[in-house]
Amino acid sequence: SDLQERLNLELLLGVGYRTVQDGAALKAVSSEVVAKYPESYVAIELVADADAMLKDWGNSNSILAAQLIRHPDDENLLRMKARTAEAQGDFVQARVTRQKLFDNGKATSNDYNGYAWTALFDDKIDAVVTKAAQQANMLTHNGSFNEMHTLACIYANQGRTAEARDLLLKAMAVDNLSEPNSSVWYALASIYEQYGVTDAAIEAYRKVEKPEGRIYPTSTWLLAQARLKALGSS
């Protein structure tokens with residue numbers, strides 16, 4: 001129908017604005033689309049992206065809150081809420097939201113991994129976080145770089161250096177890496193810190209490259225910058 005075609009065009013336009021990081025234009029088009037199609041996941045996602053670019057989350061927070069009152073167990077909405085909480089640096093809220101997916105039996109390895117990864121940002125690593133990272137690995141049968149890397153970072157943070165190193169080597173093998181990439185350098189730096197070799201840790205943290213374009217609040221580079229600052233070497 002004409003209506004469907006118009007929607008598709010507007011969504012396409014929105015995706016284009018998101019690609020070129022034009023927050024204001026994206027906000028205008030996504031607000032229009034979500035007003036017409038309040039249940040559309042794509043439209044809500046575009047509103048959230050616009051808000052993240054403009055660092056003003058009023059719109060997406062209220063839309064998600066309203067939708068979750070109507071559909072409290074909707075896994076797509078819960079994942080979006082977790083991501084928008086992360087974008088706002090509210091890692092506790094992100095984990096609380098993902099916990100609902102765990103409780104509903106709807107969580108994927110990605111959900112468990114996301115839950116565990118955020119704990120590195122607000123230094124809230126506890127038994128629940130470790131278990132989530134382990135669960136993510138079990139669900140991927142220890143075959144995914146991201147999940148193994150997260151667990152390695154958590155083990156390193158806890159001083160479980162032998163297990164961290166072992167996982168890191170396996171993760172590199174899974175991704176066919178002959179040299180460490182930025183993610184691996186971060187984990188290695190964490191291990192060096194535990195061994196008390198601060199110079200090596202600083203050198204490794206500095207090898208974590210700044211991402212091009214938009215820097216997400218869950219970026220490994222931000223973790224590395226925080227550690228460099230803590231070590232008096234930013």
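Everything quoted here is computed from the prediction, not taken from an experiment.

Enquirer: Before we go on, may I ask you to explain the packing of helix α9 (residues 145-157) against helix α10 (residues 161-174) in this structure?
Expert: Packed helices, taken two at a time, are described by the angle their axes make and the gap between the axes. Interhelical geometry of α9 versus α10 gives an angle of 160° and a closest axis separation of 8 Å. Comparing the axis directions of α9 and α10 gives the class roughly antiparallel. The way α9 lies across α10 gives a crossing that is left-handed. Here α9 contributes F145, M148, H149, L151, A152, Y155 and A156 to the contact with α10, which in turn contributes E163, A164, L167, L168, K170, A171, M172 and V174. Tallied by class, residues from the contact of α9 with α10 come to 12 nonpolar, 1 polar and 2 charged.

Enquirer: Explain the nonpolar core here, please?
Expert: Within soluble globular proteins, side chains that are nonpolar tend to cluster in buried spots. By size, the foremost hydrophobic cluster in this structure holds 61 residues, and its most contacted members are I44, L120, V129, I154, L168, Y186 and Y205. A total of 8 residues in this core trace back to one element, the largest contributor, which is α9. Excluding its chain neighbours within four sequence positions, the residues that come into contact with Y205 are Y186, A189, S190, E193, A224, R227, L228 and L231.

Enquirer: Would you mind showing me how to read the packing of aromatic side chains here?
Expert: Here the distance between the centres and the angle between the planes together describe a pair of aromatic rings. Within this structure, the stated rule accounts for 5 aromatic pairs. Considering the side-chain rings of F102 and Y112, the 4.2 Å spacing of their centres and the 20° angle between planes classify their relative orientation as stacked. You can see F102 sitting in helix α6 (residues 91-103) and its partner Y112 sitting in helix α7 (residues 109-118), a full 10 residues away along the chain.

Enquirer: Quick question: what am I supposed to make of the packing of helix α8 (residues 127-139) against α9 here?
Expert: Interaxial distance between α8 and α9 falls to 8 Å at its minimum, and their mutual angle equals 150°. The angle between α8 and α9 falls in the class roughly antiparallel. For the pair α8 and α9, the sense of crossing is left-handed. Judged by residue contacts, V129, T130, A133, Q134, A136 and N137 of α8 engage E147, M148, L151, I154 and Y155 from α9. When grouped by side-chain class, the residues that make up the contact of α8 with α9 number 7 nonpolar, 3 polar and 1 charged.

Enquirer: Explanation requested: the pattern of salt bridges in the structure shown.
Expert: Any two side chains of opposite charge can pair, given that their charged atoms come close. With the rule as written, the count across this model stands at 17 salt bridges. When the shortest N-O distance is used, the salt bridge between R6 and E10 registers 3.2 Å. Here R6 pairs with E10, and both are found in helix α1 (residues 2-19), just 4 residues apart, close to one helical turn. One salt bridge connects D111 with R79, and the closest N-O pair in it is separated by 2.8 Å. In this pair, D111 sits in helix α7 while R79 sits in helix α5 (residues 75-87), placing the two residues 32 residues apart along the sequence. Taken individually, D111 and R79 each receive the classification buried, so the pair is uniform in this respect. Each of R6, E10, E32 and K36 takes part in a single network of salt bridges with overlapping partners.

About the thresholds
Residues numbered from 1 in each chain as written. Predicted model: local features only at pLDDT ≥ 70, side-chain atom pairs only at ≥ 80, totals over all residues. Heavy atoms only, no water. Axes fitted to C-alpha atoms, helices over the stretch in contact; angles between N-to-C directions. Helix = DSSP H or I, 4+ residues; strand = E, 2+ residues; numbered from the N terminus. Parallel < 35°, antiparallel > 145°, perpendicular 65-115°, else oblique. Left-handed = near helix turned anticlockwise from the far one by under 90°. Contact = heavy atoms within 4.5 Å. Nonpolar A, V, L, I, M, F, W, Y, C, P; charged D, E, K, R; others polar. Core = buried A, V, L, I, M, F, W, Y, C linked by side-chain atoms within 4.5 Å. Buried < 20%, exposed > 50% of the residue type's maximum accessible area, 1.4 Å probe, protein only. Phe/Tyr/Trp six-rings, centres within 6.5 Å; stacked < 30°, edge-to-face > 60°. Salt bridge = Lys/Arg side-chain N within 4 Å of Asp/Glu carboxyl O.

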